[in-house]
Amino acid sequence: MSRFRPPPWFVLLLPAIIILTAVVLIPLLLSLYSSFTPYRLTRPETLYKWIGTFNYEKAMKSAHFWAAFGRTILLLTIALNLEMLMGLGLALLVNKVTYGQRALRTVMMFPMMFSPILVGFQFKFIFNDNVGLVNNALQSLGLSNVAIPWLVDGQLAFFSILVAEMWSSTSVFAILILAGLFAVPRDPIEAAKVDGCTPWQSFRHITLPYIMPFIYIALAIRSLDVARAYDIVQIMTNGGPARRTELLWTLIGRTGYVDAKMGYANAMGYISIFLAIFFTIYFFRKLNAARSELGMAG
Amino acid sequence: MNENLLYRIRARLLKMLHFVTLFIAMSIICVPGLWVVLNSFRPTVEIMAKPPVWVPGDLNLDNYRAMFGAVGEGGVPVLQYFTNSLIISVTSTLIAILVGMAGGYAFARYRFKGKASIFIGLMLTRAVPGVSLSLPLFIVMAKTGLIDTHIGLILVYVALNVPFTIWLIDGFFRQVPVELAEAAEIDGCTRWQAFWKVEFPVARAGVASAGIFAFLTSWNEYALASQLTRSTFSKTMPVGLRDFTSEFTINWGGMCALAVLMIIPALILTFLVQKHLIAGLTFGGVKG
């Protein structure tokens, strides 16, 4: 009697595949189906009417959708790059500390312990034009004598969201890069020192290649999180004022739940998933390239 | 001699610069948090004061007392929320770590067909916007009777965390040289023993950081929790924060008090897990 024995990698991956199928894939198919219907939450029977790609065409032609799309890409690019640079800086600073590093690492991760919804409320208060801390600090220092409407002006609101986003997520980069820094072997750095490399040279050619995979992992995870996160923006501005900070997720959330046009919202969601697919594949390629440089690919 | 002195001055200056930059960075990280902690001890009048009261004049426990108090007097079922959050986060983190370790190990150590596509496929499950997912998830959970239960949220959070626990743990296992496990197997270990005795301790940093991320994600998640919970039986703390908002006003003091209660366990856990992050140091010399 021959018995089928699945390969070990398959057995190891099976739990992950099962749980993701059950919790993500099945609901996903449901919502994919609903994106081809005029499904409205208020009228359940609309779920059974097939209208083909009407929702997709509507989204493709919608200026609001593309504006939100562009703004999301803008926020993603700026936030990810700045968070990465600041995280790298923070990790290097903390890595240099010899005494009390454990406490510092905990402090460094402080923002991660704040629920995004709390970060939203907190920065909503901090940037409040009347009682907020930022305006009060500026006025006390005499740098400004008018109340700056941080969350009401379009440009400033975008900036405020960016600040909140960066405050809450720079530590994700910092902690991953720091973990990567611990994994950098000491020997090549010492050899480089003996050979007369400057600190910058040994950082650029030895340390950086070693932590690159960690940076790409962090970038990939964060790009997906930013592309689906919702809480901070929803609480701080809810896409306002007058759609000036409208991002994909607030637009989709509002269309789905407030306007109750679930089918249309899902269609917009699926178009925007391509954004996430693009980022994932891009960072995955980069990660593999960085790894093969270290001989860890495959 | 002169050169020596110059070098010493430069070293001292660099050290001071390092200290100052670190101090500023840490202050920026801490101030918004301290503001929350401080406000949890202050009456609303002082929180909303204009000009602001930077140096607190009146610290008391009123907000905490109100929070733990009767429902009619601004109290919320904090302890219930807290227990729910704790059960859901800890269970889902443990499961996510186990599933992630299995998957991450498979990706790091085995070569098989379609590896890259399976990997990207798994990651993409995390790309789905929460909004597109929450309603169908709600329908499925309602059909299976998992709405308003711990199990329902645990399942969701495991699924939420597995993609990146796999990604992280895979990354750290790759840093462990294959030769290490092979050497252990030559010395008479089984594959299983080689994994637990040699590879796992070395990759512990990765598992620890994946654990911290998974715990914090489920501890802090709001959007899906607010959809899938109905009553105090399963509501988690981030959803509880909403108890302090009404249509036009926000009870800042009460909210900050709950926030402090929310941060403390995360802070303790992070501090305890911190020391495992250093594990990466140990194998620096192995790869020649």
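Use the structure listed above.
The shown structure was predicted, so the numbers you read here are calculated from the model rather than taken from an experiment.

A. Expanded view of the overall build of chain A. Check the secondary structure of chain A and you find 12 helices and zero strands. Secondary structure elements of chain A, listed N to C terminal, follow the sequence α-α-α-α-α-α-α-α-α-α-α-α. Once the C-alpha set of chain A is aligned to its principal axes, its extents read approximately 85 × 75 × 30 Å. Going through the 298 residues of chain A one by one, you find that 55% of them count as buried. Summed over all atoms, the accessible surface of chain A reaches about 13300 Å², with 66% contributed by carbon and sulfur. Taken as two groups, the 24 positive and 14 negative side-chain charges of chain A have centres that lie 6 Å from each other.

B. Quick peek at the interface of chain A and chain B. Each side of the interface is counted separately: chain A has 94 residues, and chain B has 96 residues. Both sides of the chain A and chain B interface together cover about 8800 Å² of buried area, and 78% of this is carbon and sulfur. Of the charged contacts in the structure, one is a salt bridge between A:Arg291 and B:Asp170, with a shortest N-O distance of 3.6 Å. Across the contact surface, chain A and chain B share six residue pairs in polar contact (both at pLDDT 80 or more). In terms of residue class, the side of chain A that touches chain B is made up of 70 nonpolar, 15 polar and nine charged.

C. Geometry of a nonpolar patch on the surface. Residues and elements named next belong to chain B. On the surface, Phe19, Val20, Phe23, Ile24 and Ile28 cluster together into a nonpolar patch covering about 540 Å² of accessible area. Among the structural elements, Ile28 can be located in helix H1 (residues 2–39). Taking the relative accessible area as the measure of exposure, Ile28 reaches 54% and is therefore exposed.

D. A look at the side chain of B:Thr93. Counting through the fold element by element, B:Thr93 comes out in helix H4 (residues 78–109). Beyond its immediate sequence surroundings of up to four residues, B:Thr93 is in contact with B:Gly211, B:Ala214, B:Phe215 and B:Ser218.

E. Quick peek at the packing of aromatic side chains. Tallied over the entire structure, the rule returns 38 aromatic pairs over all chains. Seen in terms of ring centroids, A:Phe110 and A:Phe114 are 5.3 Å apart; in terms of plane orientation they differ by 80°. Their pairing is edge-to-face. Like A:Phe114, A:Phe110 is buried. On the basis of an interplanar angle of 55° and a centroid distance of 5.6 Å, the ring pair of A:Phe123 and A:Trp167 is categorised as tilted. You can see A:Phe123 sitting in helix H5 (residues 116–126) and its partner A:Trp167 sitting in helix H7 (residues 154–182), a full 44 residues away along the chain. For the pair shown, A:Phe123 and A:Trp167 are each scored as buried. Cluster of aromatic residues (ring-pair linked, three or more members): A:Trp9, A:Phe10, A:Phe284, B:Phe107, B:Phe112, B:Phe119 and B:Trp167. In this structure, A:Lys58 packs its charged tip against the face of A:Tyr264, placed 4.1 Å from the ring centre. One Lys or Arg, A:Arg102, reaches over the ring of B:Phe271 and ends 4.6 Å from the middle of that ring.

F. Highlighting the pattern of salt bridges. Residues and elements named next belong to chain A. With the rule as written, the count across this model stands at six salt bridges over all chains. Glu83 is the partner of Arg222 in a salt bridge, and the nearest nitrogen-oxygen pair spans 3.8 Å. Of this pair, Arg222 sits in helix H9 (residues 199–228) while Glu83 sits in helix H3 (residues 63–96), and the two are 139 residues apart along the sequence. Judged by its relative accessible area of 9%, Arg222 falls in the buried class. For Glu83, a relative accessible area of 0% puts it in the buried group.

G. Region of interest: the packing of helix H4 (residues 101–108) of chain A against H1(B). Two elements in contact, H4(A) and H1(B), have axes whose closest approach is 10 Å; the angle formed by their N-to-C orientations is 45°. Regarding the angle of H4(A) to H1(B), the classification is oblique. Here A:Leu104, A:Val107 and A:Met108 of H4(A) lie close against H1(B), whose contacting residues are B:Leu22, B:Met26, B:Ile29 and B:Cys30. Considered class by class, the residues forming the contact of H4(A) with H1(B) number seven nonpolar, no polar and no charged.

H. Spatial organisation of the layout of surface pockets. Approximately 1700 Å³ is the volume attributed to the largest pocket. Forming the walls of the largest pocket are 36 residues, and the residues nearest its centre are A:Leu92, A:Asn95, A:Lys96, A:Pro199 and B:His18. The element contributing the most residues to the lining of the largest pocket is H1(B), with 14 residues. Here the lining of the largest pocket is built from residues that sort into 22 nonpolar, seven polar and seven charged.

Rules behind the numbers
Residues numbered from 1 in each chain as written. Chains lettered and ligands numbered in written order. Predicted model: local features only at pLDDT ≥ 70, side-chain atom pairs only at ≥ 80, totals over all residues. Heavy atoms only, no water. Helix = DSSP H or I, 4+ residues; strand = E, 2+ residues; numbered from the N terminus. Buried < 20%, exposed > 50% of the residue type's maximum accessible area, 1.4 Å probe, protein only. Areas by Shrake-Rupley, 256 points an atom, 1.4 Å probe, with all protein chains shown as cover. Lys, Arg positive; Asp, Glu negative; His and termini not counted. Charge placed at Lys NZ, Arg CZ, Asp CG, Glu CD. Contact = heavy atoms within 4.5 Å. Buried area = accessible area lost by both parts, 1.4 Å probe. Salt bridge = Lys/Arg side-chain N within 4 Å of Asp/Glu carboxyl O. Polar contact = N/O pair within 3.5 Å; in protein donor to acceptor, adjacent residues only side chain to side chain. Nonpolar A, V, L, I, M, F, W, Y, C, P; charged D, E, K, R; others polar. Patch = residues over 30% accessible without salt bridge, like charges linked within 9 Å, V, L, I, M, F, W, Y side chains within 5 Å. Phe/Tyr/Trp six-rings, centres within 6.5 Å; stacked < 30°, edge-to-face > 60°. Lys NZ or Arg CZ within 6 Å of the ring centre and 35° of its normal. Axes fitted to C-alpha atoms, helices over the stretch in contact; angles between N-to-C directions. Parallel < 35°, antiparallel > 145°, perpendicular 65-115°, else oblique. 1 Å grid on protein atoms, 1.4 Å probe; cavity = no way out; pocket = protein on both sides within 12 Å on 5 of 7 lines; lining within 4 Å. Points joined across faces, edges and corners; volume = space filled by probe spheres on them.

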